[in-house]
Amino acid sequence: AVDILVNSCPGYEKFIISSSHSESQINKLSSSWPNLKHLGIQPSPPFGSIDLNDEKLIGYVEKFRSLEAIVLCSIYPCVNVTDSGIERLVGSAEKLKLLILRAPQVTKDLVKRLRIEYPDLNLRINNY
């Protein structure tokens, strides 16, 4: 399915993936869609949490360099995303304007500080 998508939609700028997509599929998507601006990430079955950690989230930002928005399904938490990961993500995503996710380990203090450091970034983390 990934091959069909990248061959038939070369100029895609907005896409929703499953958190279970393999590294090779993500690499193919990122090389085929270098101008992807909006990345949505949904949980893979069984639902309950999004299979995502700091390294995987930062990897998306490194692969999709034009990202302006990252939206993770807010119903399901990203249980392995931490303050450190969010700080690294925001620091490396030069064009990021919107970040929405639910990550129980991310603190309210971090969100407050990032809002001061990055006033143009719309952060919606854990309803803070």
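The structure contained in this document is the topic of the report that follows. (Residues numbered from 1 in each chain as written. Predicted model: local features only at pLDDT ≥ 70, side-chain atom pairs only at ≥ 80, totals over all residues. Heavy atoms only, no water.)

A look at the overall build of the protein chain
Phase 1: Scanning the protein chain from terminus to terminus reveals 5 helices and 5 strands.
Phase 2: Ordering the α and β elements of the protein chain from the N terminus gives α-β-α-β-α-β-α-β-α-β.
Phase 3: Its C-alpha radius of gyration of 14 Å places the protein chain within 12% of the 14 Å reference for a compact globule of 128 residues.
Phase 4: Projected onto its principal axes, the C-alpha positions of the protein chain cover 45 × 35 × 20 Å.
Phase 5: Across the 128 residues that make up the protein chain, the buried fraction comes to 41%. (Helix = DSSP H or I, 4+ residues; strand = E, 2+ residues; numbered from the N terminus. Rg over C-alpha atoms; globule rule 2.2 N^0.38 Å. Buried < 20%, exposed > 50% of the residue type's maximum accessible area, 1.4 Å probe, protein only.)

Quick look at the packing of aromatic side chains
Phase 1: Inspection of the entire model under this criterion finds 3 aromatic pairs.
Phase 2: Seen from their ring centres, F15 and W33 are 4.9 Å apart, and the 65° between their planes marks the pair as edge-to-face. Pair noted here: F15 is in strand β1 (residues 14–18) and W33 is in the loop between α2 (23–32) and β2 (38–42), with a separation of 18 residues, a long-range link. Pair check on accessibility: F15 and W33 agree, each one buried.
Phase 3: By way of ring pairs, the aromatic residues Y12, F15 and W33 are connected into one cluster. (Phe/Tyr/Trp six-rings, centres within 6.5 Å; stacked < 30°, edge-to-face > 60°.)

A look at helix α3 (residues 54–63)
Phase 1: For α3, the set of buried residues is D54, L57, I58, G59, Y60 and V61.
Phase 2: N-capping of α3 is provided by N53, with a side-chain oxygen placed 3.1 Å from the backbone N of E55. (Polar contact = N/O pair within 3.5 Å; in protein donor to acceptor, adjacent residues only side chain to side chain.)

Overview of the pattern of salt bridges
Phase 1: Taken as a whole and assessed by the stated rule, the structure comprises 5 salt bridges.
Phase 2: We note a salt bridge from E55 to R88, for which the minimum N-O separation is 3.0 Å. Of the two residues, E55 is situated in helix α3 and R88 in helix α4 (residues 83–92); the sequence distance between them amounts to 33 residues.
Phase 3: Residue classification places R88 among the partly exposed residues on the basis of a relative accessible area of 37%. (Salt bridge = Lys/Arg side-chain N within 4 Å of Asp/Glu carboxyl O.)

Some words on the pairing of strand β5 (residues 122–125)
Phase 1: Across the two faces of β5 the burial differs, with L123 and I125 buried and N122 and R124 not buried at all.
Phase 2: In terms of strand pairing, strand β4 (residues 98–101) meets β5 through 4 bridges, oriented parallel. Counted as the bridge partner of L101 is I125 from β5.
Phase 3: Between β4 and its parallel partner β5, the chain crosses via helix α5 (residues 108–117), and the hand of that crossover is right-handed. (Pairing = 2+ DSSP bridges. Right-handed = clockwise from strand over helix to strand, strands pointing away.)

Remarks on the nonpolar core
Phase 1: Among the nonpolar cores identified, the biggest contains 37 residues, and I41, I70, I86 and L99 are the most heavily contacted of them.
Phase 2: With 4 residues, the top contributor of residues to this core is α3.
Phase 3: Those residues within four positions of I70 in sequence are excluded, and the remaining contacts are L39, I41, L57, V61, L89, L96, L98, L99 and I100. (Core = buried A, V, L, I, M, F, W, Y, C linked by side-chain atoms within 4.5 Å. Contact = heavy atoms within 4.5 Å.)

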